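Observations on the three-dimensional arrangement
Chain by chain, the residues:
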Amino acid sequence: AGTIFFSYIGLDAVSTAGDEVKNPQKTMPRAILAALVTVTTVYVVVTVAALGAQPWQEFADQEAGLATILDKVTSSQHWGTVLAAGAVISIFSVTLVVLYGQTRILFAMGRDGLLPPLFAKVDPRTMAPVNNTIIVAVVVGILAGSDPLNYPADMPSLRTLGAVLVAPGRAVLEPGMHAMPGRLQ
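A brief look at the structure comes next. (Residues numbered from 1 in each chain as written. Predicted model: local features only at pLDDT ≥ 70, side-chain atom pairs only at ≥ 80, totals over all residues. Heavy atoms only, no water.)

Considerations on the side chain of Asn132
The cut-off we apply is this: Counting from the N terminus, the helices are the DSSP runs of H or I reaching at least four residues and the strands are the DSSP runs of E reaching at least two. Think of it in three bands: with a 1.4 Å probe and only protein chains considered, a residue is buried below 20% of the maximum accessible area for its type, exposed above 50%, and partly exposed in between. Nitrogen and oxygen atoms within 3.5 Å of one another constitute a polar contact, given that in protein one can donate a hydrogen and the other can accept it, and given that sequence-neighbouring residues count only through two side-chain atoms. Whether two residues touch is decided by their heavy atoms; if any such pair falls within 4.5 Å, the residues are in contact.
Among the secondary structure elements, Asn132 is positioned in helix α6 (residues 130–146). Note on Asn132: relative accessible area 0%, which makes it buried. Among the polar contacts made by the side chain of Asn132, one reaches the main-chain carbonyl oxygen of Thr103 at a distance of 3.2 Å. Not counting residues within four places of it along the chain, the set of residues in contact with Asn132 comprises Thr103, Leu106, Phe107, Leu118 and Phe119.

Digging into the packing of helix α5 (residues 78–111) against α6
Short version of the rule: Working convention: axes come from line fits to C-alpha atoms, limited for helices to the stretch in contact. Angles between N-to-C directions cover 0 to 180 degrees. These descriptions rest on fixed angle ranges, namely under 35 degrees for roughly parallel, over 145 for roughly antiparallel, 65 to 115 for roughly perpendicular, and the rest for oblique. Crossing handedness is defined as follows: a turn of the near helix away from the far one that is anticlockwise and smaller than a right angle gives a left-handed crossing, while the clockwise case is right-handed. Think of it as three bins: nonpolar holds Ala, Val, Leu, Ile, Met, Phe, Trp, Tyr, Cys and Pro, charged holds Asp, Glu, Lys and Arg, and polar takes everything else, Gly as well.
Where α5 contacts α6, the two axes come as close as 9 Å, and the packing angle between them is 125°. It follows that α5 is oblique to α6 by the angle criterion. Between α5 and α6 lies a crossing of right-handed hand. Counted together, Leu99, Gln102, Thr103, Leu106 and Phe107 of α5 and Asn132, Thr133, Val136 and Val140 of α6 form the full contact between these two elements. Its residues assigned to classes, the contact of α5 with α6 comprises five nonpolar, four polar and no charged.

Quick notes on the side chain of Arg104
Examined against the element boundaries, Arg104 turns out to sit in helix α5. Contacts of Arg104, omitting those with residues within four sequence positions, involve Thr16, Glu20 and Pro129.

Side note on α5
The criterion, for reference: Each residue after the first adds 1.5 Å to the expected span of a helix.
Spanning 34 residues, α5 covers 50 Å between terminal C-alpha atoms, matching the ideal 50 Å at 1.5 Å per step. Listed as buried for α5 are Gly80, Val98, Gly101, Thr103, Arg104, Leu106, Phe107 and Gly110. Gly113, located one to two residues past α5, shows a positive phi value of around 85°.

A short note on the pattern of salt bridges
Two side chains carrying opposite charge are able to pair once their charged atoms lie near each other. Quick note on the threshold: Basic side-chain nitrogens of Lys or Arg form a salt bridge, by our definition, when they fall within 4 Å of a carboxyl oxygen of Asp or Glu.
Inspection of the entire model under this criterion finds one salt bridge. When the shortest N-O distance is used, the salt bridge between Asp112 and Arg111 registers 3.7 Å.

Here's the deal with unusual backbone geometry
Within the chain, Ser75 stands out as a residue other than glycine whose phi angle is a positive 55°. With respect to the helices, strands and loops of the structure, Ser75 is situated in the loop between α4 (65–74) and α5.

A few points about the packing of α4 against α5
Contact pair α4 / α5: the axes reach a minimum separation of 7 Å and the direction vectors enclose 160°. In this view, α4 runs roughly antiparallel relative to α5, as classed from their interaxial angle. Where α4 crosses over α5, the two elements pack in a sense that is right-handed. Between α4 and α5, the contacting residues are Leu66, Ala67, Leu70, Asp71 and Thr74 on the first element and Trp79, Gly80 and Leu83 on the second. Its residues placed into classes, the contact of α4 with α5 shows five nonpolar, two polar and one charged.

Next up, the structure:
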């Protein structure tokens, strides 16, 4: 289930860009719902096609099930390699979205006084939270270099779960927060 959940990771990170969007009250929910429908549709279509190509029992022993199916169906390793390269590129893009989201979460927490003011600073030229980007990059680099691969692979799911659990708790602890001017409601 955690692997399937990985497909939906970027959707929560998109919401962290709410301060940088025109008319976020209208555009953010539409964008997130459109992305959710698109990702779910593609996932279901690919799953149905894969199950039509081989019995589900054969997936248990395969490392890269879809690439193996393409190799068998096309009698060539070319398309399986292209699919595997696409998977690697998509992992990088999801990682970048998660890192982007984390820098914006730290910025919002610093701006709201939940973290030291260092996290609320932005570069005057680019208006980006450069300190947060450096901090997140260093922490993620240390974790990626020192932990086994399966541990960092589960971290995005844990981060998203943490965000889902923290949001209702913050609403309970700070009931007047939603009425503050200038905040995305």
